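Okay, here's what each chain looks like letter by letter:
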Amino acid sequence: MNNQPSTKQVNTAKIGLFSSITILISAVVGIGIFFKNKSVLANNDYNGWGVLISWIVASLITLTTALAFAEIISASKKHDGSGLAGWALKFCGHRIGRFILIVMPLFYFLFKLVDTSFFCGESILLIFNNESSTSGARIIAQDTYVIVLIAFAIMLIFIAINAFSTRAAKTISSIASIAKFLPLIVVGILGIVFGALDGFQHTFFHTSLSSGLTDDPTIIGNINVLGIFASLPALLFTFDSFLTIGNAASSMRNPEKDVPKAILIGIPVIVFLYLFVTIGQLLTGQKDVYSFFSYVVTQSGGSQNALVATNIIIGCVIMISLLGSVNAFTLTAIRSMQSAINDEILIGSVALKRITNGRALKGGALMAVVLGTIASGLMAIPIIIQNKDAAYDGVSNLPTLFFFIIYAIIILFGLINHFTNKIAVKKIKLFPVIACIAIIGCAFAFGYNLFYEYFGRCFADNKDVSWGMFKGESINRPIASGLVWAVFGVFLLIPFINDLCIKLFRKNHNQRLLWM
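Worth saying up front: this structure is predicted, and the values here are computed from it rather than measured. (Residues numbered from 1 in each chain as written. Predicted model: local features only at pLDDT ≥ 70, side-chain atom pairs only at ≥ 80, totals over all residues. Heavy atoms only, no water.)

**Student:** Could you give an account of the overall build of the chain, naming the residues involved and the relevant values?
**Tutor:** Within the chain, the secondary structure is distributed over 17 helices and 4 strands. Residue burial in the chain is summarised as follows: out of 516 residues, 56% are buried. Taking as baseline every contact in the chain between residues at least 6 positions apart, the subset at least 24 positions apart corresponds to 78%. With an accessible surface of roughly 21400 Å², the chain has 66% of that area assigned to carbon and sulfur atoms. (Helix = DSSP H or I, 4+ residues; strand = E, 2+ residues; numbered from the N terminus. Buried < 20%, exposed > 50% of the residue type's maximum accessible area, 1.4 Å probe, protein only. Contact = heavy atoms within 4.5 Å. Areas by Shrake-Rupley, 256 points an atom, 1.4 Å probe, with all protein chains shown as cover.)

**Student:** Break down the packing of helix 12 (residues 304-342) against helix 14 (residues 362-386) for me, citing the residues and quoting the values.
**Tutor:** Where helix 12 contacts helix 14, the axes come no closer than 7 Å and their chain directions differ by 110°. Comparing their axes, helix 14 and helix 12 come out roughly perpendicular. Handedness of the crossing formed by helix 12 with helix 14: right-handed. Between helix 12 and helix 14, the contacting residues are I334, M337, Q338 and I341 on the first element and K362, G363, G364, A365, M367, A368 and L371 on the second. For the contact of helix 12 with helix 14, the per-class residue count stands at 7 nonpolar, 3 polar and 1 charged. (Axes fitted to C-alpha atoms, helices over the stretch in contact; angles between N-to-C directions. Parallel < 35°, antiparallel > 145°, perpendicular 65-115°, else oblique. Left-handed = near helix turned anticlockwise from the far one by under 90°. Nonpolar A, V, L, I, M, F, W, Y, C, P; charged D, E, K, R; others polar.)

**Student:** Kindly report on the environment of S474, identifying the contributing residues and their values.
**Tutor:** Along the chain, S474 turns up in the loop between helix 16 (431-460) and helix 17 (477-505). Remark: the alpha-carbon pair of S474 and D464, spanning 10 residues in sequence, is separated by 5.7 Å.

**Student:** I'd like a description of the layout of surface pockets, backed by residues and values.
**Tutor:** What the second largest pocket holds in volume is close to 740 Å³. Forming the boundary of the second largest pocket are 28 residues, of which L106, L110, I374, L378 and I494 lie nearest the centre. Secondary structure elements with two or more residues in the lining of the second largest pocket: helix 6 (94-128), helix 14, helix 15 (390-420) and helix 17. Among the elements that make up the lining of the second largest pocket, the one with the highest residue count is helix 14 (10 residues). By residue class, the composition of the lining of the second largest pocket is 26 nonpolar, 2 polar and no charged. (1 Å grid on protein atoms, 1.4 Å probe; cavity = no way out; pocket = protein on both sides within 12 Å on 5 of 7 lines; lining within 4 Å. Points joined across faces, edges and corners; volume = space filled by probe spheres on them.)

**Student:** Requested: an account of the pattern of salt bridges, with residues and values cited.
**Tutor:** According to the stated counting rule, one finds 3 salt bridges in the structure shown. A salt bridge links E453 to R477; the shortest N-O distance between them is 3.5 Å. With a gap of 24 residues between them, E453 in helix 16 and R477 in helix 17 connect regions that are remote in the sequence. The pair formed by E453 and R477 is uniform in burial state, with each residue classed as buried. (Salt bridge = Lys/Arg side-chain N within 4 Å of Asp/Glu carboxyl O.)

**Student:** Account for the side chain of D499, with residues named and values stated.
**Tutor:** Of note, D499 is situated in helix 17. Only 3.2 Å separates the side chain of D499 from the side chain of N498, close enough to count as a polar contact. (Polar contact = N/O pair within 3.5 Å; in protein donor to acceptor, adjacent residues only side chain to side chain.)

**Student:** Before we move on, can you summarise a nonpolar patch on the surface with the specific residues and values?
**Tutor:** There is a patch of nonpolar side chains on the surface, built from I347, F496, L500, L504, F505, W515 and M516 and spanning about 710 Å² of accessible area. Tracing the backbone through its elements, the reader meets L500 in helix 17. Judged by its relative accessible area of 42%, L500 is partly exposed. (Patch = residues over 30% accessible without salt bridge, like charges linked within 9 Å, V, L, I, M, F, W, Y side chains within 5 Å.)

**Student:** So what about the nonpolar core? Which residues, and what values?
**Tutor:** The nonpolar side chains of soluble globular proteins are, as a tendency, buried together. If you look at the biggest cluster of nonpolar residues, it comprises 146 residues, and the most contacted ones within it are F34, I100, I318, F402, F403, I410 and F491. With 19 residues, helix 6 is the single largest residue contributor to this core. Non-local contacts of F403, meaning those with residues more than four positions away in its chain, are made with L84, I100, V103, M104, Y108 and F491. (Core = buried A, V, L, I, M, F, W, Y, C linked by side-chain atoms within 4.5 Å.)

**Student:** Break down the packing of aromatic side chains for me, citing the residues and quoting the values.
**Tutor:** Counting across every chain of the model gives 27 aromatic pairs. Here F404 and Y407 contribute two aromatic rings whose centre-to-centre distance is 6.0 Å and whose plane-to-plane angle is 90°, an arrangement assigned as edge-to-face. Residue F404 and its partner Y407 are both found in helix 15; the two are separated by 3 residues, about one turn of the helix. With centroids separated by 5.6 Å and ring planes inclined at 40°, the aromatic side chains of F444 and Y448 adopt a geometry described as tilted. You can see F444 and its partner Y448 sitting in helix 16, 4 residues apart, about one turn around the helix. The class of Y448 is buried, set by a relative accessible area of 17%. (Phe/Tyr/Trp six-rings, centres within 6.5 Å; stacked < 30°, edge-to-face > 60°.)

**Student:** Go over the confidence of the model for the chain with me, naming the residues and quoting the values.
**Tutor:** Taken as a whole, the chain shows an average pLDDT of 80; of its residues, 87% reach a score of 70 or greater. Across residues 1-12, where pLDDT falls below 50, the model places 5 contacts with residues more than four positions away in sequence or in other chains. Across residues 208-220 the pLDDT falls below 50, and counting only partners more than four positions away or on other chains, this stretch makes 14 contacts in the model. (pLDDT = per-residue confidence, 0-100.)

**Student:** So what's going on with the packing of helix 7 (residues 144-164) against helix 12? Which residues, and what values?
**Tutor:** A pair of packed helices is characterised by two quantities: the angle between their axes and the separation of those axes. The contact between helix 7 and helix 12 brings their axes to 9 Å, and the two run at 55°. Here helix 12 runs oblique to helix 7, going by the angle between their axes. Regarding helix 7 and helix 12, the two cross each other, and that crossing is right-handed. Contact with helix 7, carried on its side by I154, F158, I159, N162 and A163, involves L323, V326, N327, T330, L331, I334 and R335 of helix 12 and no other residues of that element. Here the residues of the contact of helix 7 with helix 12 are counted per class, giving 8 nonpolar, 3 polar and 1 charged.

Take a look at the structure:
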């Protein structure tokens, strides 16, 4: 009897186009959209037009980045399942490609998985036990060690799910995407309805400046241009991770077609969703999702019990949103690690292949457990000492920040290839224009944060940095800047440390190391 699975059975376990789109949405749409407009409003002097323009510019940069990569990813990769790193190896050459092949699993996905699991643990506690600080933020009563333990359990559960059942991971992504999508659509609809019922009396579109007459060249028609620039890095963060779907290529039915389709369908959907939610908040004059629904309940004549119930529901939505994000990052992290293990790129790959006998995804799952445990333990030290989540919140943005310059570099090489035709790609109309916008936007997000926010302002501004999601807020700017640059150093050194270990401890290796 033939015990091999039928083609139909194999395909049902594979990821199709719809699942690819839901995984992408789950990875991109986290909790940033629920709270991000608070800081964007502050940057823009609470001018709704400035906020809206900020989102439109950020959306334009994201869409052009997606379109630019649509041409780049039409080329076949050398390493299946390696996603962004595989395309970098193809277009940028050995050194840049290998650097990303190593840093994706050992830095980007590792920190994303650990941080998202931590915030997911916070969201669970927030449902049952939350208080409001004087600034209106939601805070957690429990000590941080409790959050760390819950977060670690969540991480292990999702690693197990993704290691043993692709079908379950697909189902979770679909449910989480719907659970995220519907409430955000509701915010947009209710914002328009209640804004209109109130005669738009609280709208942020009533400009905050009393007169359009000003000598300040950075103020144009009551819109603070510098506020738009200052908002872009934070807004671009909310769109990050859409390229992680490329790391799931090895589990897709038709990755060559489905990866670019998922990006080109998913990103416009997310752009629409973000703009719709923002308009709803601006029309009602609300800064975040909690204040928005408090406004809706109050305007509807709801009681205090209704407000409490609404906060619990919001907490559940945030929790489901984060569960979907943890699932999406776990799915892509395991596959990124497994791809690197299969090609013996990472130190310990040979041992993991021997331990798991080459079984699909088991090596990647085991590596995720080991590295996730180490990273969780290291990150737990400062937050338990401080009893606040500022360090987690700050570090969670750093993989995104550092990869913006990588996106810009890869698109630059793609632009060069567009004219040299060394690599066969499906060319996109207006690609040079699209690529230039994407390169400038991504490079700006990286440079503004690293060199201005965490270097220039470190010496010129003593104000605390607003780090901290649900437990404690802010961190001293010099400390935050030191942490950012220390992590940037780790980001740069990890690939070289990995290759040095391979050279020292792996006999008869046939790897072309970074410096070769």
